[in-house]
Amino acid sequence: MIYDRRPDYCDLQISLARKGFLDIHEVDEDGIPYISQLTTYDGWAVEFFQFMGLEHDLKGFHKKYYQTRDGSLVWAREGDKKEKASLQFKGSFFLQEDWEVQFTKAISFFKLRNIRFHPSRWDVGILFQVEDERNFYRLVVDKNKWQGMRCHYQFDTEVEQGFIAKHSRLEVAFYNKYRQVKEVKQGTDYESRILKIAGVDELPEDLMKCDIRIRQKDQTREITKLLQMEKINFKAIERVVLKKCDLKTKMGRKLKKMLGLTKK
């Protein structure tokens, strides 16, 4: 049974101006406006979250990064170069009802300022349910071909049970979403968001997740072009990711049917 399919992660590489300073308009605790002067990296981060209307925190010490209060958006340094940044849209970001509006708004921030960007990673997540988890993994391992990919089978612990096939440009991962939510996502509103998406009151214990991840600029070039369009076609972006997966793997029809990937 297929519950949902949507983007699950995006890492946007940002090419900022050369090192310098920006004047940032802020308001103090008493509501008095003031101007602070921040370096390029910090200045653009603060201005971005102000543009989005999102409260954010500064984290880290030696390697600072900014993130929203719910952790769904992270602005981090790309290496040690202050003129390059990475904007990470986490899975919880795409579980919001208005994620398309918010993502489009974030992209418009860079377009309006002529700041170059490209995604270095884009994930599509598929939420589905199986009758027998162990037999499902046997199907994944024994009845499908993952040529040229490093395969890791994880059956040792309750949380890590799963399978992943990967190389430098593509990863396909299967894991139990129920256990991940209960063990890893506790203390956040992640569970309430995914309950709403799945349309259930309680997560079934055999709820599974498949993440299809494409990486590196040469694989995401088509997505970069789609993000430059006046209206972003998210279904077209999804098709890019699924096509890359289909070209590089040999998933059998039974598995594709379970993931809702068979052609109608």
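Everything in this summary refers to the structure shown in the same document. Model, not experiment: these values are computed from the prediction. (Residues numbered from 1 in each chain as written. Predicted model: local features only at pLDDT ≥ 70, side-chain atom pairs only at ≥ 80, totals over all residues. Heavy atoms only, no water.)

On the surface, a cluster of positive charge is made up of Lys84, Arg116, Lys217, Arg221 and Lys225. A per-element tally of the positive patch places helix α6 (residues 217–227) first, with 3 residues. Along the chain, arginine 221 falls in helix α6. (Patch = residues over 30% accessible without salt bridge, like charges linked within 9 Å, V, L, I, M, F, W, Y side chains within 5 Å. Areas by Shrake-Rupley, 256 points an atom, 1.4 Å probe, with all protein chains shown as cover. Salt bridge = Lys/Arg side-chain N within 4 Å of Asp/Glu carboxyl O. Lys, Arg positive; Asp, Glu negative; His and termini not counted. Charge placed at Lys NZ, Arg CZ, Asp CG, Glu CD. Helix = DSSP H or I, 4+ residues; strand = E, 2+ residues; numbered from the N terminus.)

Take helix α4 (residues 177–184) next. Where α4 is concerned, the buried positions are Lys177, Arg179, Gln180 and Val181. In the core, the buried residues of α4 are packed alongside β8 (116–129), α3 (133–142), β11 (170–176), α5 (190–198) and β12 (207–215). Taking the backbone nitrogen of tyrosine 178 as reference, a side-chain oxygen 3.0 Å away marks asparagine 176 as the first, capping residue of α4. (Buried < 20%, exposed > 50% of the residue type's maximum accessible area, 1.4 Å probe, protein only. Contact = heavy atoms within 4.5 Å. Polar contact = N/O pair within 3.5 Å; in protein donor to acceptor, adjacent residues only side chain to side chain.)

Applying the stated criterion across every chain, the model contains 26 aromatic pairs. On the basis of an interplanar angle of 85° and a centroid distance of 6.1 Å, the ring pair of tryptophan 44 and phenylalanine 109 is categorised as edge-to-face. Linking tryptophan 44 in helix α1 (residues 40–52) with phenylalanine 109 in helix α2 (residues 99–112), this pair joins segments that are 65 residues apart in sequence. Of the two residues, tryptophan 44 and phenylalanine 109, both sit in the buried class. Measuring from ring centre to ring centre gives 5.5 Å for phenylalanine 103 and tryptophan 122, while their planes differ by 75°; the resulting arrangement is edge-to-face. Remark: tryptophan 122 occurs in strand β8 and phenylalanine 103 occurs in helix α2; sequence separation between them is 19 residues. With a relative accessible area of 1%, tryptophan 122 lands in the buried category. An aromatic cluster is built from Trp44, Phe48, Phe49, Phe51, Trp75, Phe109, Phe110 and Phe117, whose rings are joined through pairwise contacts. Looking at arginine 77, its charged tip hangs above the ring of tyrosine 41, at a distance of 4.1 Å from the centre. (Phe/Tyr/Trp six-rings, centres within 6.5 Å; stacked < 30°, edge-to-face > 60°. Lys NZ or Arg CZ within 6 Å of the ring centre and 35° of its normal.)

This paragraph deals with the pattern of salt bridges. All chains considered together, the criterion is met by 22 salt bridges. Notably, a salt bridge pairs glutamate 238 with arginine 5, separated by 3.1 Å at the nearest N-O pair. A residue pair is termed long-range when its members are at least 10 positions apart, and glutamate 238 in helix α7 (residues 234–248) and arginine 5 in strand β1 (residues 2–15) qualify at 233 residues. What makes arginine 5 partly exposed here is its relative accessible area of 29%.

These values are about where atoms sit, not about what they do.
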